[in-house]
Amino acid sequence: MGLLSDPVRRRALARLVLRLNAPLCVLSYVAGIAWFLALVFPPLTQRTYMSENAMGSTMVEEQFAGGDRARAFARDFAAHRKKSGALPVAWLERTMRSVGLEVYTQSFSRKLPFPDETHERYMVSGTNVYGILRAPRAASTESLVLTVPCGSDSTNSQAVGLLLALAAHFRGQIYWAKDIIFLVTEHDLLGTEAWLEAYHDVNVTGMQSSPLQGRAGAIQAAVALELSSDVVTSLDVAVEGLNGQLPNLDLLNLFQTFCQKGGLLCTLQGKLQPQDWTSLDGPLQGLQTLLLMVLRQASGRPHGSHGLFLRYRVEALTLRGINSFRQYKYDLVAVGKALEGMFRKLNHLLERLHQSFFLYLLPALSRFVSIGLYMPAAGFLLLVLGLKALELWMQLHEAEVGVEEPGGAPGPSVPLPPSQGGKHTGPRQGLDGTEAGSPDLPSTAAGLHRPHQLLTGLPAGHHHGARRCTCQASWAPDSLCCPAGADKPSSHAPWQPVPVAGASGGATVTGRGLAALPGSAGPGCAGAPHLRCPALPTAVSGPLPLLATFLECALLEVRSACLSWDRDSPRTPCCLLPGK
């Protein structure tokens, strides 16, 4: 505290910071970049682990064998969709009822701020279809969601077929303790957002939708499925949600565990996992994956339907079947078994996922970087902004101290002669009572500006204003007066007391040269001194001279109030004393 309270020590610290600011900024920036690059190496990156006890073991026997049925459903769905040109709502309702689900529909519409890229339309309308599998062993207090988005351009027929096949398989099991919702949405994110808003009875996007006729319990987790063919080579997982939000890390660990158990190839950001982290190739590949994840989070948009569930505190992720690696081939049975295992483990949850991390970075599916390890890198990068802001503040503080030092106090200056021809000849007086360009004020060559000099149209070191008042009134304008009944102002010698109209008792004001504002001829207000504003100088262009004149007018009104107050009080206000 002594260092900050002692002016000498504080000034020495300020000079030290100003001298070392540039090296500290460079050092902080380099340290932040180096820390971020080091996140992919094993000392900083950690192996993933399951934190939720209810999902710690994968000792479940997956029994899904409906691959042929899923392909049949997919072919029928594609045929009906091609025939109708839109989502086959009637066929979906009929098929879901045939497998034993409670089926409901929801219609929605949304007016777009810009026309659609493909169809050039402003109004988009569609229908969502969802079926609910009621839990036979518990009340409908909690639920899980398996959703398939169907856009106008995307071919997601295989995902719809696998969803219907899983619904038929789940219907024959008796161990479900949570309701399961099978949701097929139209127009991708628009349909998903319309259904979520109606399910939670909110409207945050202005979506127009019909109310839901059937509901289940509170949604604990959700999985979005996107498949483009009957045979997939790997499953890619997307975790980036709206505004960079991420699901709980345990849900991602659950997916990776069942992929390893079933022999499925799983990828992140479309890249395979590094196998050898001891050599340089593993960390470099992890760095590419980590940078891709950071860029996707920085975009702020959801990279899948799961991103909208995260807004409602529902842990979700999107699984995409891709065909990038031809040496691996998996059918719908392998994908269905992985989904069955995930839903059976989520069925064991006693509470929401909360024990693992919500803020993390992923160089690979098997490794993660927690927030406590990557925040120092962000802190070093943000420290550069803080150091530059501190430098600017200290420069302004040093300038203020230089102006207020003894010996630099403002005093009477040479009066400004009347302007002739619209041009100023002579120095102008500053707001602090000193002449423009005097040693007491920072000049433009020093790169320092007072706050009022930062406005447009007013060069540094040349400004209009008032002289400083040494009493309670901190600012007082140049004394301007007119004799009573005069239509034009008269000039007075500097610091010469002259009478002011309307001031009882012969109150005098020190005159310092007068100028009339064009169009201001005429007597003053009744009961107030006949004061006039000075003419605008034409040497400076822009709106600031007019602003300065308005400020002087306001200060003249303050002086008028002081004169009026002096009528009732024998004491003369300090702002009217000569030389104040």
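Residues numbered from 1 in each chain as written. Predicted model: local features only at pLDDT ≥ 70, side-chain atom pairs only at ≥ 80, totals over all residues. Heavy atoms only, no water.

- Labelled according to an unreviewed UniProt entry, the protein appears under the name GPI-anchor transamidase component GPAA1, originating from Theropithecus gelada.
- Under the heading Subcellular location (unreviewed entry), UniProt records this for the protein: "Endoplasmic reticulum membrane".
- Per its UniProt entry, the protein bears the Pathway (unreviewed entry) comment "Glycolipid biosynthesis; glycosylphosphatidylinositol-anchor biosynthesis." (UniProt positions renumbered as here; feature names shortened; annotations may be inferred.)

1. Some details on the overall build of the protein
Here is step 1: Scanning the protein from terminus to terminus reveals 12 helices and 16 strands.
Here is step 2: Taking all 580 residues of the protein together, 47% fall into the buried category.
Here is step 3: The contacts in the protein between residues at least 6 apart in sequence include a share of 74% that link residues at least 24 apart.
Here is step 4: Element-wise, carbon and sulfur atoms account for 59% of the exposed surface of the protein, whose accessible area totals about 28,000 Å². (Helix = DSSP H or I, 4+ residues; strand = E, 2+ residues; numbered from the N terminus. Buried < 20%, exposed > 50% of the residue type's maximum accessible area, 1.4 Å probe, protein only. Contact = heavy atoms within 4.5 Å. Areas by Shrake-Rupley, 256 points an atom, 1.4 Å probe, with all protein chains shown as cover.)

2. Comments concerning the UniProt feature "transmembrane region" (unreviewed entry) in the protein
Here is step 1: When the UniProt feature table is mapped onto this chain numbering, "transmembrane region" (unreviewed entry) sits at residues 20-41 and 357-385.
Here is step 2: What you have in residues 20-41 is 82% helix and 0% strand, and the ends, taken at the C-alpha atoms, are 32 Å apart.
Here is step 3: For residues 357-385, the end-to-end C-alpha separation is 29 Å, with 52% helix and 31% strand making up the annotated structure.

3. Examining unusual backbone geometry
Here is step 1: Backbone geometry places His187, a non-glycine residue, at a positive phi of 65°.
Here is step 2: Relative to the helices and strands, His187 resides in the loop between strand 5 (179-186) and helix 6 (189-199).
Here is step 3: Among the residues examined, His187 registers a relative accessible area of 14% and is labelled buried.
Here is step 4: Unlike most non-glycine residues, Asn243 shows phi in positive territory, near 60°.

4. Some words on the packing of aromatic side chains
Here is step 1: All chains considered together, the criterion is met by 11 aromatic pairs.
Here is step 2: Plain terms: the ring middles of Tyr130 and Trp195 are 5.8 Å apart, the flat faces sit at 70° to each other, and that makes the pair edge-to-face. Taken together, the positions of Tyr130 in strand 3 (residues 123-133) and Trp195 in helix 6 put the pair 65 residues apart, joining distant regions of the chain.
Here is step 3: With a relative accessible area of 0%, Tyr130 lands in the buried category.
Here is step 4: Through a chain of ring-to-ring contacts, three or more aromatic side chains come together here, namely Phe170, Tyr175, Trp176, Phe182 and Phe343.
Here is step 5: The ring centre of Tyr199 lies 5.8 Å from the NZ or CZ of Arg215, which sits over that ring.
Here is step 6: Here Arg344 stacks its cationic end above the ring of Tyr175, 4.3 Å away from the centre of that ring. (Phe/Tyr/Trp six-rings, centres within 6.5 Å; stacked < 30°, edge-to-face > 60°. Lys NZ or Arg CZ within 6 Å of the ring centre and 35° of its normal.)

5. Some points on the pairing of strand 8 (residues 234-238)
Look at any regular strand and the pattern is simple: side chains alternate between the two faces of the sheet.
Here is step 1: Counting buried residues along strand 8, 5 of its 5 residues qualify, which places the element largely inside the surrounding structure.
Here is step 2: Of the two faces of strand 8, both are covered, the one formed by Ser234, Asp236 and Ala238 as well as the one formed by Leu235 and Val237.
Here is step 3: Both strand 8 and strand 10 (residues 315-322) contribute to a ladder of 5 bridges, which runs antiparallel. Its bridge partner lying in strand 10, Asp236 is registered against Arg320.
Here is step 4: When strand 8 meets strand 9 (residues 266-268), the two strands line up parallel, connected through 3 bridges. Paired with Asp236 across the bridge in strand 9 is Thr267. (Pairing = 2+ DSSP bridges.)

6. As for the nonpolar core
Here is step 1: Leu162, Phe182, Val237 and Phe255 are the most contacted members of the largest nonpolar core, which has 72 residues in total.
Here is step 2: Residue contributions to this core peak at 10 residues, all from helix 5 (residues 157-171).
Here is step 3: Residues contacting Phe255, with those up to four places away along its chain left out, are Leu235, Val237, Cys266, Leu319, Met342 and Leu365. (Core = buried A, V, L, I, M, F, W, Y, C linked by side-chain atoms within 4.5 Å.)

7. Observations regarding the sheet that holds strand 1 (residues 46-47)
Working definition: the strands of a sheet are paired by backbone hydrogen bonds and lie parallel or antiparallel to each other.
Here is step 1: Pairing within the open sheet is antiparallel, and its 3 strands lie in the order 1-12-11. The open sheet has two edge strands with one neighbour each: strand 1 and strand 11 (360-364).
Here is step 2: Sheet analysis places strand 1 next to strand 12 (residues 367-370), joined by 2 bridges and oriented antiparallel. The partner of Arg47 across the bridge, within strand 12, is Arg367.
Here is step 3: Lying on the sheet, helix 8 (residues 281-299) is in contact with strand 11 and strand 12; it crosses strand 11 at an angle near 140°. (Axes fitted to C-alpha atoms, helices over the stretch in contact; angles between N-to-C directions.)

8. Here we look at the pattern of salt bridges
Here is step 1: Summed over all chains, the structure comprises 11 salt bridges.
Here is step 2: A salt bridge links Glu93 to Arg97, with the shortest nitrogen-to-oxygen separation between them at 3.8 Å. Taken together, the residues span about one helical turn, with Glu93 and Arg97 both in helix 4 (residues 89-98) at a distance of 4 residues.
Here is step 3: The partner of Arg134 in a salt bridge is Asp179, and the shortest N-O contact between them spans 3.4 Å. Here Arg134, found in the loop between strand 3 and strand 4 (142-150), pairs with Asp179, found in strand 5; they are 45 residues apart in sequence, far enough to count as distant.
Here is step 4: The class of Arg134 is partly exposed, set by a relative accessible area of 28%.
Here is step 5: Residue Asp179 is classed as buried on the basis of its relative accessible area of 0%.
Here is step 6: A single network of salt bridges, built from pairs that share partners, joins Glu102, Arg134 and Asp179. (Salt bridge = Lys/Arg side-chain N within 4 Å of Asp/Glu carboxyl O.)

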